[in-house]
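Fold and geometry: a report
Each chain, written out:
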Amino acid sequence: MHSTATEIERPTMRPAAATRPFALIVEDEAALVELIRYNLIKEGYEVATATDGEDALLQIAERQPDIVLLDWMLPKLAGIEVARRLRSQQATRNLPIIMLTARTEESDRIRGLDIGADDYMTKPFSMSELTARIRAVMRRIRPALADDIVVVGDISMDRAAHKVTRAGAEVHLGPTEFRLLDYFIQHPGRVFSREQLLDAVWGSDVYVETRTVDVHIGRLRKALSKGGGDDPIRTVRSAGYALNV
Ligand code: CA
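A short tour of the structure in this document, coming up. (Residues numbered from 1 in each chain as written. Predicted model: local features only at pLDDT ≥ 70, side-chain atom pairs only at ≥ 80, totals over all residues. Heavy atoms only, no water.)

The next point concerns the nonpolar core. In terms of nonpolar packing, the biggest core is built from 28 residues, with Leu180, Leu181, Phe184, Ile185, Leu197 and Ile217 touching the most fellow members. For this core, the leading source of residues is helix α7 (residues 175–186), giving six residues. In this structure, Leu181 is in contact with Ile155, Met157, Val164, Leu173, Leu220 and Leu224, ignoring residues within four places of it in sequence. Grouped together as the second largest cluster of nonpolar side chains are 23 residues, Val68, Leu74, Met99 and Ala117 included. (Core = buried A, V, L, I, M, F, W, Y, C linked by side-chain atoms within 4.5 Å. Buried < 20%, exposed > 50% of the residue type's maximum accessible area, 1.4 Å probe, protein only. Helix = DSSP H or I, 4+ residues; strand = E, 2+ residues; numbered from the N terminus. Contact = heavy atoms within 4.5 Å.)

Written as structure tokens, this is what we have:
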């Protein structure tokens, strides 16, 4: 793969940053946070943590996770209020939420699910139960993150084999183009700015000019259209790029 003049390759580039699902743990019990964090990292997740409801909303606005594990009893803003606000906003309406709570009353459980939580765990719970529930929620809501083989339109991506096909024909992609496509496939139809793509695919700790994104989008387009298919990537003027669905 040729390197562009604007790109500085660094060994610190996070490998497969775009393929790891991103979870936010919102919980004020430090020991439980650590336990969940450890288990999610083992499951292949990238993990961030927040210890109160306000911080959770700020972090979500900054970078949207793929799933939120949300404690009910939190300082500053209760978990149920956090869930309510997330559900009331367009950008986070479908964000997967699993509520964590010490409450056992059935009415609370129903309230949690009413507000739009995707699932509900009553403390204490085992880590294997939690990870199984997370997998189930992710599979239901974001099949692209739960499975190794993902299909969007006539594009199929096999993550385990690192292979992409379009209309059955193999598409050869460089590692950056593969990560770009993987990120688009996780969010089909959604428009991403060059800055968002840089953060997600290159990593925010790597210095790369935004123009580099255009170069790699160009390569990705060329590779995907080689077999004669339509260009599946849409350019949104002054906004960025999206994968057509
Ligand atoms: Ca709590």
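Having put the structure on the table, let's press on.
This brings us to the environment of Val208. Counting through the fold element by element, Val208 comes out in the loop between α8 (194–202) and α9 (210–225). As for Val208 and Glu195, which are separated by 13 residues in sequence, their C-alpha atoms are 9.9 Å apart. If we skip the residues at most four places from it in the chain, Val208 touches Leu198 and Trp202.

Attention shifts here to helix α2 (residues 53–62). Turning to α2, its buried residues number three or more, namely Gly53, Ala56, Leu57 and Ile60. Along the axis of α2, the buried residues cluster in a sector spanning 95 degrees; they form a single face. Relative to its buried face, α2 has exposed residues pointing more than 90 degrees away, namely Leu58 and Glu62. On its buried face, α2 sits against β1 (22–26), β2 (46–50), β3 (67–71) and α3 (79–88). The residue sitting at the N-terminus of α2 and contributing the capping side-chain oxygen is Asp52; that oxygen lies 3.0 Å from the backbone nitrogen of Glu54. (Arc of directions from axis to C-beta. Polar contact = N/O pair within 3.5 Å; in protein donor to acceptor, adjacent residues only side chain to side chain.)

Turning our attention to the pairing of strand β4 (residues 97–101). With five of its five residues buried, β4 lies for the most part within the structure. The side-chain alternation of β4 yields two buried faces, one formed by Ile97, Met99 and Thr101 and the other by Ile98 and Leu100. Looking at chain direction, β3 and β4 are connected through four bridges and run parallel. Each residue of the ladder has a partner; that of Val68, found in β4, is Ile97. Viewed along the sheet, the connection from β3 through α3 into β4 turns out right-handed. Two strands pair when backbone bridges link them, and β4 and strand β5 (residues 119–122) are joined in this way by four bridges, in the parallel orientation. Within the sheet, the bridge partner assigned to Thr101 lies in β5 and is Thr122. (Pairing = 2+ DSSP bridges. Right-handed = clockwise from strand over helix to strand, strands pointing away.)

Structural measurements only, silent on function.
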